[in-house]
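Fold and geometry: a report
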Amino acid sequence: MTKTRDMVNEISILEHLYPVRPIKQSCALPFFHSDTVNEAIPHIVAILKIGENFDYSNTYSAADLFPSRREDKFYKFLLELKEEFPEVLKNIAEYDI
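Residues numbered from 1 in each chain as written. Predicted model: local features only at pLDDT ≥ 70, side-chain atom pairs only at ≥ 80, totals over all residues. Heavy atoms only, no water.

**Topic: the overall build of the protein**
Spelled out, the test is: In DSSP terms, a helix is any run of H or I states spanning at least four residues, a strand is any run of E spanning at least two, and both are numbered starting from the N terminus. Relative accessible area decides the class of each residue, using a 1.4 Å probe on protein chains only: under 20% of the type maximum gives buried, over 50% gives exposed, and in between gives partly exposed. Any two residues whose heavy atoms approach within 4.5 Å at even a single point are treated as in contact. Surface accessibility follows the Shrake-Rupley procedure with a 1.4 Å probe radius. Residue values consider only the protein chains on display as shielding.
A count of helical and extended segments in the protein gives four helices and zero strands. Counting over 97 residues, the protein shows a buried share of 21%. Look at the contacts in the protein between residues 6 or more apart in sequence, and 60% of them connect residues 24 or more apart. Surface exposure of the protein reaches about 7800 Å², of which carbon and sulfur atoms provide 54%.

**Description of the side chain of Asp72**
In this structure, Asp72 sits in the loop between helix 3 (62-65) and helix 4 (73-84). In contact with Asp72, not counting residues within four places along its chain, are Tyr18, Pro19, Val20, Arg21, Pro22 and Pro67.

**Focus: the packing of aromatic side chains**
Convention followed: The pairing test for Phe, Tyr and Trp rings, Trp by its six-membered ring, is centres within 6.5 Å, and the orientation test on the planes gives stacked under 30 degrees, edge-to-face over 60, and tilted for anything in between.
A full pass over the atoms with the stated rule returns three aromatic pairs. Aromatic side chains Phe54 and Tyr56 sit 4.9 Å apart centroid to centroid with 75° between the ring planes, which places their arrangement in the edge-to-face category. An angle of 15° between the planes, with centres 4.5 Å apart, marks the rings of Tyr75 and Tyr95 as stacked. On the criterion of sequence distance, the pair formed by Tyr75 in helix 4 and Tyr95 in the segment after helix 4 is long-range, its members being 20 residues apart.

**Focus: helix 4**
What counts is decided by this rule: Given the number of residues in a helix, its expected span is that number minus one, multiplied by 1.5 Å. As used here, the arc belongs to the directions running from the helix axis to the C-beta atoms.
With twelve residues, helix 4 should cover 16 Å at 1.5 Å per step; its first-to-last C-alpha distance of 17 Å lies within 8% of that length. Residues of helix 4 that are buried include every one of Phe74, Tyr75, Leu78, Leu79 and Lys82, and no others. Here the buried residues of helix 4 occupy an arc of 135° about the axis, which is enough to place them on one side. Exposed residues lying more than 90 degrees from the buried face of helix 4 are Glu83 and Glu84.

**Details of the side chain of Lys82**
Along the chain, Lys82 turns up in helix 4. Residue classification places Lys82 among the buried residues on the basis of a relative accessible area of 15%. Beyond its immediate chain neighbours, meaning those up to four positions away, Lys82 contacts Leu89, Lys90, Ile92 and Glu94.

**Description of a nonpolar patch on the surface**
Using the following cut-off: Patch definition: residues above 30% relative accessible area lacking any salt bridge, with like charges linked at up to 9 Å and the nonpolar side chains Val, Leu, Ile, Met, Phe, Trp and Tyr linked at up to 5 Å. Here a salt bridge means any side-chain nitrogen of Lys or Arg lying within 4 Å of a carboxyl oxygen belonging to Asp or Glu.
A cluster of nonpolar side chains, contributed by Ile50, Phe54 and Tyr56, occupies part of the molecular surface with about 320 Å² of accessible area. When you line up the elements, Phe54 lands in the loop between helix 2 (20-25) and helix 3. Residue classification places Phe54 among the partly exposed positions, given a relative accessible area of 41%.

**Regarding the confidence of the model for the protein**
Selection criterion: Confidence scores here are pLDDT values: one per residue, from the predictor, ranging 0 to 100.
Averaged over every residue, the pLDDT of the protein is 77; the share at 70 or more is 74%. By mean pLDDT, the top-scoring element of the protein is helix 4 (90), and the lowest-scoring one is helix 1 (residues 4-10) (70).

**A few points about the environment of Thr59**
Threshold: Pairs of N or O atoms within 3.5 Å make up the polar contacts considered here, provided that, within protein, one atom can donate a hydrogen while the other can accept it, and that residues adjacent in sequence are counted only when both atoms are side-chain atoms.
Here Thr59 shows up in the loop between helix 2 and helix 3. At 2.6 Å, the side chain of Thr59 and the backbone oxygen of Tyr56 are in polar contact.

Set out below in structure tokens:
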């Protein structure tokens, strides 16, 4: 699956946007291609259960992983598109941390 950072770099209309949240989360956004929505599923080989004494001190906070639309221009752009095309982009989550 292509990482979001690489996908955005290939779309010239988005070249001025930096997708903060997806890059911090090191994720991919399969909604760009309708035939890759379930692409990650065959690659899941394990489910991990985190123990009670797991040290979370060096992990990202929710605010780090889900920056506001003010900080993440890419996310702001997607939400604006969602307002314009609500049925097509209904799966884009809106959050406020």
